Amino acid sequence: MTQEDGGSIEKRTGWAKLCPYCAQSIRFTKFTNWQGPVPFFYSSSGRDLLMRRSDRVRVDDLYKSTEDSSGPAIQELKHLWLDILGHAPEPPHGGKFTLWANLRCPHCNTEFPYNRGIKDDRVRIHDPAVVVVDGVTVVEDSGSYRVSVEVGIEKG
Ligand SMILES: [Zn+2]
């Protein structure tokens, strides 16, 4: 991490795609490789992402206290997700963290529909990857950092 304008920046390697709305290039990366569902929430402005270790611990605790080997029911998980949102901090760039807010194009600010517009609790809660576009601020327990995505050069 490096310091710039008083906030930390984390550089990550990612990919680029053209925005289907404005045709400008969007750099993005993904956080993956977790076991079990991870609570993460975009803000309604699309500029912030809430993803805290303390919330992850609450999920682990819920799994540990569930006797069913397949884990907690989706309703229990959603209850926890909504409880996290109910006590969530204010996003640094305004708006609100919500369950269904999704990524926005950093150029034209159009929000991409989540799961092609289908609000499925199970898909949302068990999402295996968190997509982060360049410039998004990630809010953690101990503070926040901005993600700077560099597109890797593919070798021919
Ligand atoms: Zn766009």
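For the structure itself, consult the block above.
The shown structure was predicted, so the numbers you read here are calculated from the model rather than taken from an experiment.

Asks: So what about the environment of Ser70? Which residues, and what values?
Replies: Counting through the fold element by element, Ser70 comes out in the loop between helix H1 (53-64) and helix H2 (74-86). Taking C-alpha positions, Ser70 is 34 Å from Pro91, a pair spaced 21 residues apart along the chain.

Asks: Before we move on, could you go through the nonpolar core and cite the residues and values that matter?
Replies: Of all hydrophobic cores here, the largest spans 16 residues; its most connected members are Leu49, Leu50 and Val136. For this core, the elements supplying multiple residues, two or more each, are strand S4 (41-42), strand S5 (48-50), strand S6 (130-133), strand S7 (137-139) and strand S8 (144-151). Not counting residues up to four positions away in its chain, the partners in contact with Val136 are Arg47, Asp48, Leu49 and Val147.

Asks: Summarise the pairing of strand S3 (residues 25-31); cite the residues concerned and give the values.
Replies: Pairing between strand S2 (residues 7-18) and S3: four bridges, direction antiparallel. Bridge pairing links Trp15 to Phe28 in S3. Once S2 ends, the chain turns through six residues before running back antiparallel as S3, passing Ala23 with a positive phi of about 65°. Pairing of S3 with S6, which is carried by four bridges, proceeds in the antiparallel orientation.

Asks: Explain unusual backbone geometry to me, using residue names and the numbers behind them.
Replies: Outside of glycine, negative phi angles account for most residues, and trans bonds account for most peptide bonds. Of note, Ala23 is a non-glycine position whose phi angle comes to about 65°, a positive value. Along the chain, Ala23 falls in the loop between S2 and S3. Ala23 gets classed as exposed once you count the C-beta atoms within 10 Å, which come to 9. Despite not being glycine, Asn109 has its phi angle at roughly 65°, a positive value. Assessed through the 12 C-beta atoms surrounding it within 10 Å, Asn109 is described here as exposed.

Rules used in this analysis
- Residues numbered from 1 in each chain as written.
- Predicted model: local features only at pLDDT ≥ 70, side-chain atom pairs only at ≥ 80, totals over all residues.
- Helix = DSSP H or I, 4+ residues; strand = E, 2+ residues; numbered from the N terminus.
- Core = buried A, V, L, I, M, F, W, Y, C linked by C-beta atoms within 7 Å.
- Buried ≥ 20, exposed ≤ 12 C-beta atoms within 10 Å, placed from the backbone.
- Contact = placed C-beta atoms within 7 Å.
- Pairing = 2+ DSSP bridges.

Geometric values such as these leave the question of function open.
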